[in-house]
Amino acid sequence: LDTQLPKNVEVFDSITECGGSTSSFSDPAYFQDAIHLNNKGYCKVFTQPNVFASLGACAKIFHNCDSPGFEITGLDEKCDDSPTSICTDDTTWKRKSKTCAWVAKKPERRCKKKSKGVEASIACPIACGSTKCTIPVCRKNSEWTLKQKNGKFKNCNYLKTKTKRRCGSIGIDNKFGYEACKVCTLCKSE
């Protein structure tokens, strides 16, 4: 298998062409799912000047993919802006020693904060009340478990006292208490 590209072939990264990076998601308007472009995304990629030039396309042709003046097919219910994935907050994201639990306490002030180039609103969609994914449904009290330093196990009931502090605890399933426990008020009640 020959893995070398012919000299006349150029490779373009569709993620960066559509406004994303390796540390953040691209604009959901251009993606059918996390890795597949929808037709609007293809429009965005193939109308980039460097792509036009490499394809030998006429430089006078220009399309505005956000308002092209004609209908782009394929932007149906599968490719709309409604959330399709379940939100989960990244337990490894830290701004200094602060986690998504810190962000959840004052989201209006903290969701724009960055750590290692990643904004809290991306790493902590539940804490920030994102509309780009579906907030998870609260679990039954016994379905989330926290292992304490002394080796004892606790469930959502443990979070009922000292709620502000304890809801930021990370369970054995690597989920924050506020992602699973109704008492914390961030997950979706059934």
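Before any of the text, the structure's been laid out above.
Model, not experiment: these values are computed from the prediction.

**Student:** Before we move on, could you go through the state of the cysteines and cite the residues and values that matter?
**Tutor:** Applying the stated criterion across every chain, the model contains six disulfides. Between the sulfur of C100 and that of C124 lies a disulfide, 2.0 Å long from S to S. Across the S-S bond of C100 and C124 the torsion is about -70°, and the bridge reads as left-handed. One end of the pair, C100, is in helix α4 (residues 100-105); the other, C124, is in the loop between α6 (120-123) and β3 (146-147), with 24 residues separating them in the sequence. C124 shares its class with C100; the two are buried. Disulfide partner of C156: C181, at an S-S distance of 2.0 Å. Classification of the bridge connecting C156 and C181 rests on its S-S torsion, roughly -70°, and on that basis the disulfide is left-handed. Here C156 is found in the loop between β4 (153-154) and α7 (163-166), whereas its partner C181 is found in the segment after α8 (177-180), with 25 residues between them in sequence. On the basis of relative accessible area, C156 is assigned to the buried category, the value being 1%. Overall, the relative accessible area of 0% leaves C181 in the buried class.

**Student:** Mind laying out the pattern of salt bridges, listing which residues take part and the relevant values?
**Tutor:** Counted under the stated rule, the structure contains one salt bridge. Here D173 and R139 are joined by a salt bridge, their closest N and O atoms 2.5 Å apart. Linking D173 in the loop between α7 and α8 with R139 in the loop between α6 and β3, this pair joins segments that are 34 residues apart in sequence. For D173, a relative accessible area of 31% gives the class partly exposed. Judged by relative accessible area, which is 26%, R139 ranks as partly exposed.

Definitions and cut-offs
- Residues numbered from 1 in each chain as written.
- Predicted model: local features only at pLDDT ≥ 70, side-chain atom pairs only at ≥ 80, totals over all residues.
- Heavy atoms only, no water.
- Disulfide = S-S within 2.5 Å.
- Helix = DSSP H or I, 4+ residues; strand = E, 2+ residues; numbered from the N terminus.
- Buried < 20%, exposed > 50% of the residue type's maximum accessible area, 1.4 Å probe, protein only.
- Salt bridge = Lys/Arg side-chain N within 4 Å of Asp/Glu carboxyl O.

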